[in-house]
Amino acid sequence: MVEGGAGTSGGTGTLTLAGVPIGNVEDAPPRLLRALEGARVIAAEDTRRLRQFASRADVRLGGEAGARVVSYYDANESRRTDELLGDLRAGSDVLVVTDAGMPGVSDPGYRLAAACAGEGIPVTAIPGPSAVTTALVVSGLPTDRFCFEGFPPRKGLSGYLADLAAERRTMVFFESPHRVAATLEAMAAAFGADRRAAVCRELTKTYEEVRRGGLGELAAWAAEGVRGEISLVVEGARRDPGTVGDADLVAAVSDLEEEGVRRKEAITRVAREFGVPKRRVYDLVHGVVSAD
């Protein structure tokens, strides 16, 4: 696996997408630090912030030889992608980093990775912290099935949320601090004020805060002003227990068991997904009562 320096023996370089800590520099894996020291070409969302991070991590970009560090952000992504493809075709490895988190996840990187995949240029990654999964696991909401929605649109927000109202998976969003109150209010209108959610602010940083509650309650809280990097985690829609047949519950447990889930866990997950008592599912599966 190539993480910097000379290209591959096949003549092209390797694209490496590297995850950068989302707040705490101590979360940087050793592999990332070695890659930054060994890189010859680094594409950074914000070159100034990259150099600040390198200073805090006590890393010299490119080592003694130094690295060519170029900016790679939304406004220049199209033009810079062509330039970086040229480097890769010529045999130079390219390391892509963002301000925080993984390149390509609501940050530049996808376009270059897709282009490399299309040309057969090797693409690899250095996994690192992600605000998506970090917010999910601290939210207290179900983690077995989730989806990432990125930043909600500025226009057509109501229609966008209406399309998600029946989504049963836990949903993770990013949002800017000056829009979070309005977004939570719109979510409360679309999903219901009592739908459970969590506002995760400044994750892994000194002033980390996770605020949990119903969407209506959180919207009222956010109206007073919220600062910092924000991730929103929203509970998925629950099925109406009155529309769920016994046979549906038994079949759902059976499907999970076929996937390798142990029966006890399958019963718990089905009860939670369908919003019915776990005892009802248990009795049906074990034949205490007859299914439809």
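Residues numbered from 1 in each chain as written. Predicted model: local features only at pLDDT ≥ 70, side-chain atom pairs only at ≥ 80, totals over all residues. Heavy atoms only, no water.

- The name an unreviewed UniProt entry gives the protein is Ribosomal RNA small subunit methyltransferase I, with Nocardiopsis dassonvillei as the organism.
- The record held by UniProt for the protein lists under Subcellular location (unreviewed entry) the comment "Cytoplasm".
- Comment text from UniProt for the protein, heading Catalytic activity (unreviewed entry), reads "cytidine(1402) in 16S rRNA + S-adenosyl-L-methionine = 2'-O-methylcytidine(1402) in 16S rRNA + S-adenosyl-L-homocysteine + H(+)". (UniProt positions renumbered as here; feature names shortened; annotations may be inferred.)

**Considering the packing of aromatic side chains**
- In total, this model carries 2 aromatic pairs according to the counting rule given.
- Taking 4.9 Å as the distance between ring centres and 65° as the angle between the ring planes, the aromatic pair formed by F148 and F174 counts as edge-to-face. Of this pair, F148 sits in strand β6 (residues 146-150) while F174 sits in strand β7 (residues 170-175); the two residues are 26 residues apart in sequence, bridging distant segments of the chain.
- Between the aromatic rings of F151 and F174, the centroid separation amounts to 5.7 Å while the plane-to-plane angle is 65°, which identifies the pairing as edge-to-face. (Phe/Tyr/Trp six-rings, centres within 6.5 Å; stacked < 30°, edge-to-face > 60°. Helix = DSSP H or I, 4+ residues; strand = E, 2+ residues; numbered from the N terminus.)

**Let's talk about the UniProt feature "domain: Tetrapyrrole methylase" (unreviewed entry) in the protein**
- Those residues carrying the UniProt feature "domain: Tetrapyrrole methylase" (unreviewed entry) are residues 14-219 in this numbering.
- This span, residues 14-219, is 37% helix and 21% strand, and a straight line between its end C-alpha atoms measures 45 Å.

**Comments concerning the nonpolar core**
- Core analysis: the largest hydrophobic core is formed by 25 residues, its most contacted members being F173, L184, M187, F191, L215, L232 and V234.
- Mapped onto this core, the elements with two or more residues apiece are α6 (157-164), β7, α7 (180-191), β8 (196-201), α8 (215-222) and β10 (230-234).
- The biggest single contributor to this core is α7, with 7 residues.
- Setting aside its immediate chain neighbours within four residues, F191 contacts L161, L164, A165, M171, L215 and V234.
- Core analysis: the next-biggest nonpolar cluster, separate from the first, contains 19 residues, V20, I42, F53 and A54 among them. (Core = buried A, V, L, I, M, F, W, Y, C linked by side-chain atoms within 4.5 Å. Buried < 20%, exposed > 50% of the residue type's maximum accessible area, 1.4 Å probe, protein only. Contact = heavy atoms within 4.5 Å.)

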